[in-house]
Amino acid sequence: MLRHPASTGEAASRVEVTAWRPQHGRLALRYVIHAPTDELKLPPMTESVRVDHLWRHTCLEAFIRPTAGEVYYELNLSPSTRWAAYCFDGYRAEMADLDVPPPQIESRAYPDRHELEALVDLSGIPAFGGSDWRLALSAVVEDADGALAWWALTHPGEQPDFHNAASFIFDLPAVEPA
């Protein structure tokens, strides 16, 4: 991933993300933040519940769009295992909670990195049926002093904007139902 030039946080030297569809209607994500964990502001592990505004602190994100149309979906995953999911009718338009089961989240801290793996069940959303998906993958990383860095596969604007349609550059082909 690339660090946005407007970032003030400098603890992370790199952020890696891997995304795949292990089954029909499911999305698997693996994020690795390369930074001394004592230089990061990481929320404590807690119950995995839906919480808004996770992006204000360290948060790992995936934006998903079926290849046709303007509708897209946002997933926020916290190292605490808290999460959120939203649906948009168009660019930042008509935001609503996305009704999905709680993701399975594993969060692990090591002295030199933080890893988060998640499995998200999107099979109950008609748009996530058998279509190909296009993703924008991103991360907000907060340093221990509160400075933020914005990471993404691409940054098409002068300001960090993970919702920008030009950010959706990662293609995941459909997986046939078993």
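Everything quoted here is computed from the prediction, not taken from an experiment.

Concerning the overall build of the protein
Then step 1. Along the backbone of the protein there are zero helices and 12 strands.
Then step 2. Computed over C-alpha atoms, the radius of gyration of the protein comes to 15 Å, within 12% of the 16 Å expected from 2.2 N^0.38 for 178 residues, which places it in the range of a compact globule.
Then step 3. Projecting the C-alpha coordinates of the protein onto the three principal axes gives extents of approximately 45 × 35 × 25 Å.
Then step 4. Expressed as a percentage of the 178 residues in the protein, the buried residues total 47%.
Then step 5. For the protein, contacts bridging at least 24 residues in sequence account for 63% of all contacts bridging at least 6.
Then step 6. For the protein, the computed accessible surface area is about 8500 Å², with 51% contributed by carbon and sulfur atoms.
Then step 7. For the protein, the distance from the average position of its 14 positive side-chain charges to the average position of its 26 negative side-chain charges is 2 Å.

Brief notes about the packing of aromatic side chains
Then step 1. Inspection of every chain in the model, using the stated rule, returns four aromatic pairs.
Then step 2. With a centroid separation of 4.9 Å and 10° between ring planes, the pair formed by Y72 and F88 is classed as stacked. Here Y72 is found in strand β5 (residues 72-77), whereas its partner F88 is found in strand β6 (residues 83-88), with 16 residues between them in sequence. Both residues of the pair, Y72 and F88, belong to the buried class.
Then step 3. Through pairs of rings, three or more aromatic residues link up here, namely F63, Y72, F88, F162 and F168.
Then step 4. Positioned above the aromatic ring of W133 is the side chain of R21, whose terminal nitrogen or guanidinium carbon lies 3.5 Å from the ring centre.
Then step 5. Cation over ring: R113 sits above Y110, and NZ or CZ is 4.0 Å from the ring centre.

Re the pairing of strand β10 (residues 133-142)
Then step 1. Most of β10 sits out of view: nine of its 10 residues are buried.
Then step 2. As paired strands, β10 and strand β12 (residues 170-172) are joined by three bridges and run antiparallel to one another. Bridged to L135 within β12 is F170.
Then step 3. Sheet analysis places β10 next to strand β11 (residues 148-152), joined by five bridges and oriented antiparallel. Bridge pairing in β11 links V140 to W150.

Reading the values: the criteria
Residues numbered from 1 in each chain as written. Predicted model: local features only at pLDDT ≥ 70, side-chain atom pairs only at ≥ 80, totals over all residues. Heavy atoms only, no water. Helix = DSSP H or I, 4+ residues; strand = E, 2+ residues; numbered from the N terminus. Rg over C-alpha atoms; globule rule 2.2 N^0.38 Å. Buried < 20%, exposed > 50% of the residue type's maximum accessible area, 1.4 Å probe, protein only. Contact = heavy atoms within 4.5 Å. Areas by Shrake-Rupley, 256 points an atom, 1.4 Å probe, with all protein chains shown as cover. Lys, Arg positive; Asp, Glu negative; His and termini not counted. Charge placed at Lys NZ, Arg CZ, Asp CG, Glu CD. Phe/Tyr/Trp six-rings, centres within 6.5 Å; stacked < 30°, edge-to-face > 60°. Lys NZ or Arg CZ within 6 Å of the ring centre and 35° of its normal. Pairing = 2+ DSSP bridges.

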